[in-house]
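Summary of the model geometry
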Amino acid sequence: MTPSSRMNVLCSLALVGAFLFGFQANNLNGMSRADYRSHVRAMPLLERPNRPGHFYGNNVRRVHHWRHGR
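Just so it is clear, the structure is predicted and the values come from calculations on it, not from any experiment.

1. A few points about the overall build of the chain
- Looking only at helices and strands, one finds three helices and zero strands in the chain.
- Here the chain holds 70 residues, and 9% of them are scored as buried.
- Accessible surface, the chain: about 6100 Å² in total, of which carbon and sulfur atoms supply 61%.

Put into structure tokens, the structure is as follows:
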């Protein structure tokens, strides 16, 4: 294995680890995934946290904060 391929593997592992840690860090209250989802869905759209893959809601919040401030 060449040094550059080792570096690519290490960088890939670091990115995957950071991505998975990001999902775990959202659930600091010890809620189950189903409880967390129902809690977030009960919140108004503009007050929900930004979540990976939720392009519509994240974009609506971004535009709202851009136009009206935080």
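2. So, the confidence of the model for the chain
- Of all residues in the chain, 80% have pLDDT values of 70 or greater, and the mean over the chain is 78.
- The least confident element of the chain, judged by mean pLDDT, is helix H1 (residues 3–25) at 70; the most confident is helix H3 (residues 55–68) at 88.

3. Observations regarding the side chain of Asn58
- One can find Asn58 in helix H3.
- A polar contact of 2.6 Å, which involves the side chain of Asn58, links it to the side chain of Arg61.

4. Here we look at a nonpolar patch on the surface
- A surface patch of nonpolar side chains, amounting to about 400 Å² of accessible area, comprises Met7, Val9, Leu10 and Leu13.
- With respect to the element layout, Leu10 can be found in helix H1.

5. Side note on the environment of Met31
- With respect to the helices, strands and loops of the structure, Met31 is situated in the loop between H1 and helix H2 (33–42).
- You can call Met31 partly exposed: its relative accessible area is 23%.
- Dropping the residues within four chain positions of it, Met31 is found in contact with Tyr36 and His39.

6. A few points about H3
- Under the 1.5 Å per step criterion, the end-to-end length of H3 is 20 Å for 14 residues, consistent within 8% with the ideal 20 Å.
- Taken residue by residue, H3 has Gly57, Asn58 and Arg61 as its buried positions. Within H3, the buried residues cover an arc of 100 degrees as seen down the axis, which keeps them to one side. Exposed residues lying more than 90 degrees from the buried face of H3 are Phe55, Tyr56, Arg62, Trp66 and Arg67.
- After H3 finishes, the residue Gly69 shows a positive phi value of roughly 80 degrees.

Cut-offs applied
- Throughout, residues of each chain are indexed from 1 in the direction in which the sequence is written.
- Reporting of local features is limited, given that this is a predicted model, to residues whose pLDDT is at least 70; pairs of side-chain atoms are given and counted only at 80 or more, and all residues count toward the totals for whole chains, interfaces and linings.
- Water and hydrogen atoms were dropped before computing side-chain values, which therefore reflect all heavy atoms in the structure.
- Helix and strand labels come from DSSP, where a helix needs a run of H or I of at least four residues and a strand needs a run of E of at least two; each type is numbered from the N terminus.
- Buried, partly exposed and exposed residues are distinguished by accessible area as a fraction of the type maximum, computed with a 1.4 Å probe on protein chains only: under 20%, between the cut-offs, and over 50%, respectively.
- In this description, accessible areas are obtained by the Shrake-Rupley approach with a 1.4 Å probe, and a residue is regarded as covered only by the protein chains that are shown.
- The pLDDT value expresses, per residue, how confident the predictor is, ranging between 0 and 100.
- Any N or O atom pair separated by 3.5 Å or less is treated as a polar contact, with the protein-specific requirement of one donor-capable and one acceptor-capable atom, and with residues adjacent in sequence counted only for side-chain atom pairs.
- Without a salt bridge and with relative accessible area above 30%, a residue can belong to a patch; like charges are then joined within 9 Å and nonpolar side chains (Val, Leu, Ile, Met, Phe, Trp, Tyr) within 5 Å.
- Take a side-chain nitrogen of Lys or Arg and a carboxyl oxygen of Asp or Glu: if they are within 4 Å of each other, that pair is a salt bridge.
- Note on contacts: a residue pair qualifies if any of its non-hydrogen atoms lie within 4.5 Å across the two residues.
- Expected helix span is taken as 1.5 Å per residue step, with the number of steps being one fewer than the number of residues.
- Read the arc as the range of directions from the helix axis to the C-beta atoms.

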